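Analysis of the macromolecular model
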Amino acid sequence: EAQLVDSGGGLVQPGGSLTLSCTASEFTFTNYWMTWVRQAPGKGLEWVATIKPDGSDKSYVDSVKGRFSISRDNAKNSLYLEMNSLRVEDTAVYYCMSQFSSTSHYCGQGALVTVSS
Amino acid sequence: DIQMTQSPSAMSASVGDRVTITCRASQGLNNYLVWFQQKPGKVPKRLIYASSTLQGGVPSRFSGSGSETEFTLTINSLQPEDFATYYCLQHNSFPLTFGGGTKVEIK
């Protein structure tokens, strides 16, 4: 069964760093744009970042520019989100998602990131 | 940036009702509009893509329509399992933007 598995969440102090991973299986990961979406507790969905299939193009929401970096390793069918200078307001469940326009769409189970002292 | 205005933010409905949720975009989207359903504590599930294409496996009581700047998600004959929060997403241009969500509750 095709799926995405998120990992790497945890508790981190403000100003700290964390890297999330998302591993794909049973679909051609290398063909898909990939996206990170987050959801703060009790809030709606927020787009965070997107990366092109070959990794050559990346886009970010303004609030994370300069602090977060999206990357991928197509040989490992993996997507990453490196998060630095974390703030309390970055506390959320982070979901990796596959290309929105494709016939098939996949979403990871979510990784909880808690930024607190 | 494209702003997505979703309405209503919440609604009460009964089983069997027809429900309509609207998203208005501040610019044309070329049909790059997706609808998600999310139940409490669960992962968002894509229902509709390309504004009107039903995701495989999604019941046919769900439908999407609209174009350019106004889009609608319709649920015909609401079922108990449809009580959830629904979000639209535009992916026509960066930054991608979600609507604020519509919580459909039991009347």
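Presented here is a report on the structure given in the accompanying data block. Everything quoted here is computed from the prediction, not taken from an experiment.

Analysis parameters
- Residues numbered from 1 in each chain as written.
- Chains lettered and ligands numbered in written order.
- Predicted model: local features only at pLDDT ≥ 70, side-chain atom pairs only at ≥ 80, totals over all residues.
- Heavy atoms only, no water.
- Helix = DSSP H or I, 4+ residues; strand = E, 2+ residues; numbered from the N terminus.
- Rg over C-alpha atoms; globule rule 2.2 N^0.38 Å.
- Contact = heavy atoms within 4.5 Å.
- Areas by Shrake-Rupley, 256 points an atom, 1.4 Å probe, with all protein chains shown as cover.
- Lys, Arg positive; Asp, Glu negative; His and termini not counted.
- Charge placed at Lys NZ, Arg CZ, Asp CG, Glu CD.
- Pairing = 2+ DSSP bridges.
- Axes fitted to C-alpha atoms, helices over the stretch in contact; angles between N-to-C directions.
- Core = buried A, V, L, I, M, F, W, Y, C linked by side-chain atoms within 4.5 Å.
- Buried < 20%, exposed > 50% of the residue type's maximum accessible area, 1.4 Å probe, protein only.

Let's shift gears to the overall build of chain B. Assigned secondary structure in chain B consists of 0 helices and 11 strands. What you see in chain B, going N to C, is helices and strands ordered as β-β-β-β-β-β-β-β-β-β-β. Its C-alpha atoms give chain B a radius of gyration of 13 Å, near enough to 13 Å, the size a compact globule of 107 residues would have. Across its three principal directions, the C-alpha atoms of chain B cover 35 × 25 × 25 Å. For chain B, long-range pairs separated by at least 24 residues make up 56% of all intrachain contacts whose partners lie at least 6 apart in sequence. For chain B, the exposed area adds up to about 4,800 Å²; of that, 45% sits on carbon and sulfur atoms. Computed over 9 positive and 7 negative side-chain charges, the inter-centroid distance for chain B is 7 Å.

To continue, consider the sheet that holds strand 4 (residues 34-39) of chain A. All names here are of chain A. Ordered in space as 2-10-9-4-5-6, the 6 strands form an open sheet in which the pairing is mixed. Each of the sheet's edge strands pairs with one partner strand only, and the pair in question is strand 2 (10-12) and strand 6 (58-60). Strand after strand, the sheet turns through a mean of 25° between neighbouring axes, direction not considered. Sheet analysis places strand 5 (residues 45-51) next to strand 6, joined by 3 bridges and oriented antiparallel.

For the rest of this paragraph, the subject is the nonpolar core. Counting 44 residues, the largest nonpolar core has W36(A), L79(A), L81(A), M83(A) and Y94(A) as its most contacted members. When near neighbours in sequence (up to four residues on either side) are disregarded, M83(A) contacts G16(A), S17(A), L18(A), L20(A), R67(A), F68(A), Y94(A) and V113(A). Residues I48(B), F62(B), L73(B) and V104(B) belong to the second largest nonpolar core, which totals 24 residues.

Residue and element names in this part refer to chain A. Taken in spatial order, the 4 strands of this open sheet run 1-3-8-7, and their pairing is antiparallel. Taken across any chain shown, the strands that pair with only one partner, and hence form the sheet edges, are strand 1 (3-7) and strand 7 (68-73). The average angle at which neighbouring strand axes cross in this sheet is 15°, direction not considered. Of the pairings in the sheet, the one linking strand 1 to strand 3 (residues 18-25) comprises 5 bridges and is antiparallel in character. Each residue of the ladder has a partner; that of L4, found in strand 3, is A24.

Omega for the peptide link from S7(B) to P8(B) comes to -10°, which places this bond in the cis form. With respect to the secondary-structure elements, P8(B) resides in the loop between strand 1 (4-7) and strand 2 (10-13). With an omega of 0°, the peptide bond running from F94(B) to P95(B) counts as cis. In this structure, P95(B) sits in the loop between strand 9 (85-90) and strand 10 (97-98). Positioned with a positive phi, S85(A) is a non-glycine residue whose angle comes to about 50°. Assessed through its relative accessible area of 41%, S85(A) is described here as partly exposed. A positive phi angle, near 65°, is found at N31(B), a position not held by glycine. Structurally, the position occupied by N31(B) is in the loop between strand 3 (19-25) and strand 4 (33-38).

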